[in-house]
Amino acid sequence: MEGSVAYENDLNLEATELRLGLPGTDEREEQTVSNVRNNKRPLQVADEECGANGKSNTQNETAPHAKAQIVGWPPIRSYRKNNFQPKKSECEGPGIYVKVSMDGAAYLRKIDLKVYTGYPELLRALENMFKFTLGEYSDREGYKGSDYAPTYEDKDGDWMLVGDVPWEMFITSCNRLRIMKGSEARGLGCGV
Amino acid sequence: MQKKMAYSFPDEVLEHVFSFIQSDKDRNAVSMVCKSWYDIERWCRRKIFVGNCYAVNPRIVIRRFPEVRSIELKGKPHFADFNLVPDGWGGYVFPWILEMARAYPWLEEIRLKRMVVTDESLELIAKSFKNFKVLVLFSCEGFSTDGLAAIAASCKNLRELDLRDSEVDDLSGHWLSHFPETYTSLVSLNISCLGSDEVSFSALERLVGRCPNLRTLLLNRAVPLDKIANILRRAPQLVEFGTGTYTAELRPDVFSYLAGAFSSCKELRSLSGFWEAVPAYIPAIYSVCSRLTSLNLSFATIQNPDLIKLVSLCPSLQRLLVLDYIEDSGLEALASSCKDLQELRVFPSDPFGVEPNVSLTEQGLVAISWGCPKLESVLYFCRQMSNAALVTIAQNRPNLTRFRLCIIDPKTVDYLTHEPLDVGFGAIVEHCKDLRRLSLSGLLTDRVFDYIGTYAKKLEMLSVAFAGDSDLGLHHVLSGCESLRKLEIRDCPFGDKALLANAAKLETMRSLWMSSCSVSFGACKLLGQKMPRLNVEVIDERGHPDSRPESCPVDKLYIYRSVAGPRVDMPPFVWTKDEDSSLRLS
């Protein structure tokens, strides 16, 4: 996999690479969304190798646009973490119901996006509903490691990869969901 | 030559005098006066507190104190609460129960915190102690409802069964039925941590109904709202009550029955539970609000204005636990209605969200500091802070004894000046001269530790995360904080120098935890060799620390003083200076 990426770079296919995201944005290795707002120093997340000693680490996002999950932070007991209801959603207004189709499935489903607090919950629910597994999400490569990719049709009628935009933006712009399968899904990232 | 007047009091007299001395510190002081006082005191000590179960072993305790009736033991380090201690680390209570079963047949009370308790241990307790009265399992794990059934069935004199915050394998709600019909001595029951959907309601109601001394009853989520009224009506003498899931469709008959049940509880002073609380049923508790001294709404999903209305009806409140749904406006209301407030804990409703979901800032805490003159204990999660706010809080409330601030994003700066929060926390330690416990957050340099070392002379416990610039920070704390007992540090650039330079200090403390810092295994080995009465334990799941380069810091480090020597139950991922692996569990 690494080899094929290098090969593509050598041929300078980047310029013609199909990308989902705002045109002109560069690949970024650090999540700077919240950092820019607070003017903070970049976060050092202790990772598997011994790199915590003064080096600025690449943050590995395992959940799209959630915070980089630091073990044990914020310092809340686990029985408190599991108790939270979706904020405001059950009190205010009707749900946001969207159709969900899965390539190869006989019929569609409908889900209420307001019920979920973020991407991890939504993706888990989809995995349960259709009995499949998604790969790991990353900014650069989309969902790596499985035959599936979750996509949605936005207000402009374009098909976008689920997870690229902040959650609140997603639920207001999502018209319908489609879980792509097979080669079409794999083509959405820059790697296999 | 004048005969030396040895203590001419008979031992019994001294023993009688000593029986009025209850505190551990005083008892310890008494035992140091002279050899005969040591001997008399040890025979009449009834209550033992062991802050670190590995600091001593059961044999040593039993040898010195042969007539103990009550024991309290603590196991895992505090950061285990946040998943920083791997499973299997230790803290097993069984060896203690085994020895005490033989030595203390009249043991009445066992209180455990952060220990691994198996069903086997519970069964042994049930079998061995004929007059067993109190079992408190605080944040423990490893047992199931089968073990509880054994306790219920055998402990005829049980007064208190408190499982607070423990992880219990909830196999069946029927363990409650194991309390015999003849059993009536229950005073306190806390099962709020039990997860199962099965609770035998009829067994619970019958149990409550036949125990006239029941004062504390904290139910679990499985108990639905419509069952509460019947339980309360059977126990109108309750002082402390915890509901189960507090949600149901609004039905006037259910509501008025419930409201009536609450109002018949004239002694009720403390309420908790309220999982998934709906605003519609909150008014059912209004009749008890004016008498409430403690209210735990930290699982309640109600928001303003219902939340503000509720706390404003509780002028006697001394202790409030709440989610940040209360917002700054709610805290302002709290500051004006609850003048007796001593303890406030505000938990985050959405700790992992990127954007704030509620309007709770430093202003809420500042308002409380202005309005609540008796405030001494604070736990506050928020997303922004300023030095100015902290200085104000410190100046308003020099009587603070516990101050734990968690700014959710690590290394957050003062949002007004973009500076570190050193000066703010410095003000806290300077003004709050009786501060015993402090947790730091936000962007902090070595300067804050200089303040802490200089001013925090009564500080006993300090929690530090993502702070400091160099070893100097750690050195300030270890060399300056005279009363320090527990220090826990994560993700700070503290290394070998400060640790080794302050080695002697570590023997005056209960324990030191350092994870994701810059301490080398070499320094750990050296420390372990220099200080034989310290256990220096490296927790590293990546394999033997020597298999990594010298410069690679250890993952986690736990150092504690001990008279029991190295422990014999270390799991494979705990490393000490001893290469000898025969000390490990097979």
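About the thresholds
- Residues numbered from 1 in each chain as written.
- Chains lettered and ligands numbered in written order.
- Predicted model: local features only at pLDDT ≥ 70, side-chain atom pairs only at ≥ 80, totals over all residues.
- Heavy atoms only, no water.
- UniProt positions renumbered as here; feature names shortened; annotations may be inferred.
- Patch = residues over 30% accessible without salt bridge, like charges linked within 9 Å, V, L, I, M, F, W, Y side chains within 5 Å.
- Areas by Shrake-Rupley, 256 points an atom, 1.4 Å probe, with all protein chains shown as cover.
- Salt bridge = Lys/Arg side-chain N within 4 Å of Asp/Glu carboxyl O.
- Helix = DSSP H or I, 4+ residues; strand = E, 2+ residues; numbered from the N terminus.
- Buried < 20%, exposed > 50% of the residue type's maximum accessible area, 1.4 Å probe, protein only.
- Phe/Tyr/Trp six-rings, centres within 6.5 Å; stacked < 30°, edge-to-face > 60°.
- Pairing = 2+ DSSP bridges.
- Right-handed = clockwise from strand over helix to strand, strands pointing away.
- Axes fitted to C-alpha atoms, helices over the stretch in contact; angles between N-to-C directions.
- Arc of directions from axis to C-beta.
- Polar contact = N/O pair within 3.5 Å; in protein donor to acceptor, adjacent residues only side chain to side chain.
- Contact = heavy atoms within 4.5 Å.
- Left-handed = near helix turned anticlockwise from the far one by under 90°.
- Nonpolar A, V, L, I, M, F, W, Y, C, P; charged D, E, K, R; others polar.

Chain B carries the name Protein TRANSPORT INHIBITOR RESPONSE 1-like in an unreviewed UniProt entry, which gives Durio zibethinus as its organism. On record in UniProt, under Subcellular location (unreviewed entry), the comment for chain B is "Nucleus". What UniProt records for chain B under Pathway (unreviewed entry) is the sentence "Protein modification; protein ubiquitination."

For chain A, an unreviewed UniProt entry supplies the name Auxin-responsive protein and the organism Durio zibethinus. According to UniProt, the comment filed for chain A under the heading Sequence similarities (unreviewed entry) is "Belongs to the Aux/IAA family." UniProt lists a comment for chain A under the heading Subunit (unreviewed entry), and it reads "Homodimers and heterodimers."

What follows covers a nonpolar patch on the surface. All names here are of chain B. On the surface, Phe9, Val13 and Val17 cluster together into a nonpolar patch covering about 260 Å² of accessible area. Mapped onto the elements of the fold, Val13 is located in helix α1 (residues 11-18). Look at Val13 and you get partly exposed, because its relative accessible area is 35%.

We now examine the packing of aromatic side chains. Residues and elements named next belong to chain B. By the definition in use, this model includes 26 aromatic pairs over all chains. Between Tyr54 and Trp89 the ring centres are 5.7 Å apart and the planes differ by 80°, which places this aromatic pair in the edge-to-face class. Placement of Tyr54 in the loop between β1 (47-50) and α4 (58-64) and of Trp89 in the loop between β2 (70-74) and α5 (94-103) is noted, with a sequence separation of 35 residues between them. Judged by relative accessible area, which is 10%, Tyr54 ranks as buried.

Below, the discussion takes up the pairing of strand β14 (residues 343-347) of chain B. Residue and element names in this part refer to chain B. With four of five residues buried, β14 is to be regarded as a mostly interior element. Where strand β13 (residues 319-323) and β14 come together, five bridges link them in parallel fashion. Residue pairing across strands places Arg319 opposite Glu343, the latter belonging to β14. After leaving β13, the chain enters helix α13 (residues 327-337) and then returns to the sheet as β14, a path that is right-handed. The pairing of β14 with strand β15 (residues 377-382) spans four bridges and is parallel. Looking across to β15, one finds that Glu343 is bridged to Ser377.

Residue and element names in this part refer to chain A. Reading across from one edge, β2-β1-β7-β5-β6 is the order of the five strands in this open sheet, with mixed pairing throughout. With one partner strand each, in any of the chains shown, β2 (109-112) and β6 (159-161) form the two edges of the open sheet. Sheet twist, expressed as the average angle between the axes of neighbouring strands with direction ignored, equals 35°. Summarising the sheet, strand β5 (residues 148-153) and strand β7 (residues 176-181) pair through six bridges and their orientation is antiparallel. Across the sheet, Tyr152 pairs through a bridge with Leu177, a residue of β7.

This brings us to unusual backbone geometry. Cis geometry marks the peptide bond from Trp73 of chain A to Pro74 of chain A, where omega comes out at -5°. Assignment of secondary structure puts Pro74 of chain A in the loop between α2 (33-38) and α3 (78-81). A cis amide bond links Asn304 of chain B to the next residue, Pro305 of chain B, at an omega of 0°. Following the sequence through the fold, Pro305 of chain B ends up in the loop between β12 (294-297) and α12 (306-312). Although it is not a glycine, Asn83 of chain B sits at a positive phi angle of roughly 65°.

An α-helical turn contains 3.6 residues, so a residue and the one three or four places further along point in the same direction. For helix α2 (residues 24-31) of chain B, every residue scored as buried is listed here: Arg27, Val30 and Ser31 of chain B. When α2 of chain B is viewed along its axis, its buried side chains cluster within an angular range of 95° and face the same direction.

Now for the side chain of Asn357 of chain B. Checked against the element boundaries, Asn357 of chain B lands in the loop between β14 and α14 (362-371). Within the structure, Asn357 of chain B has its side chain in polar contact with the side chain of Ser349 of chain B (distance 3.0 Å).

The subject of this paragraph is helix α6 (residues 119-128) of chain B. All names here are of chain B. Burial within α6 is extensive, with seven of its 10 residues counted as buried. Turning to α6, its buried residues are Asp119, Ser121, Leu122, Leu124, Ile125, Ala126 and Ser128. Contact partners of the buried residues in α6: α5, β3 (109-113), β4 (134-138), β5 (141-144) and α7 (145-154).

Next up on the list: the pairing of strand β20 (residues 511-515) of chain B. Residue and element names in this part refer to chain B. Buried residues dominate β20, accounting for five of its five residues. Going residue by residue along β20, you find Ser511, Trp513 and Ser515 tucked away on one face and Leu512 and Met514 tucked away on the opposite face as well. Where strand β19 (residues 486-490) and β20 come together, five bridges link them in parallel fashion. In the sheet register, Lys486 faces β20, and the bridge partner there is Ser511.

Moving on to the UniProt feature "domain: PB1" (unreviewed entry) in chain A. Per the UniProt record, the feature "domain: PB1" (unreviewed entry) sits at residues 95-182 of chain A. Helix makes up 22% of residues 95-182 of chain A and strand 35%. Its end C-alpha atoms lie 31 Å apart.

The relative placement of two packed helices comes down to the angle between their axes together with the axis-to-axis distance. All names here are of chain B. Where helix α9 (residues 225-234) meets helix α10 (residues 252-263), the axes come as close as 9 Å, and the angle between the chain directions of the two elements is 35°. The crossing of α9 and α10 is left-handed. On α10, the residues touching Leu225, Asp226, Ile228, Ala229, Asn230, Leu232 and Arg233 of α9 are Val254, Tyr257, Leu258, Gly260, Ala261 and Phe262. Of the residues that constitute the contact of α9 with α10, the class distribution is nine nonpolar, two polar and two charged.

Secondary-structure assignment places Leu444 of chain B in the loop between β17 (437-439) and α17 (446-455). In this view, Leu444 of chain B contacts Pro420, Leu421, Asp422, Phe425, Ala467 and Gly468 of chain B; residues no more than four positions away in its chain are not counted.

The next thing to look at is the UniProt feature "domain: F-box" (unreviewed entry) in chain B. With numbering matched to this structure, UniProt assigns "domain: F-box" (unreviewed entry) to residues 9-50 of chain B. Overall, residues 9-50 of chain B shows 62% helix and 10% strand. The separation of its end C-alpha atoms is 31 Å.

A separate point is the pattern of salt bridges. Applying the stated criterion across every chain yields a total of 35 salt bridges over all chains. Here Asp39 of chain B ties to Arg42 of chain B by a salt bridge, and the two come within 3.7 Å at their closest N and O atoms. You can see Asp39 of chain B and its partner Arg42 of chain B sitting in helix α3 (residues 35-44), three residues apart, about one turn around the helix. With relative accessibility at 29%, the residue Asp39 of chain B sits in the partly exposed group. Glu482 of chain B is paired through a salt bridge with Lys457 of chain B; the nearest N and O atoms lie 3.8 Å apart. Residue Glu482 of chain B is found in the loop between α18 (471-480) and β19, and its partner Lys457 of chain B is found in the loop between α17 and β18 (461-465); the two are separated by 25 residues along the sequence. Lys457 of chain B sits in the partly exposed class, given a relative accessible area of 29%. Several salt bridges share partner residues, and in doing so they unite Arg77 of chain A together with Asp81, Arg114 and Asp165 of chain B into one network.

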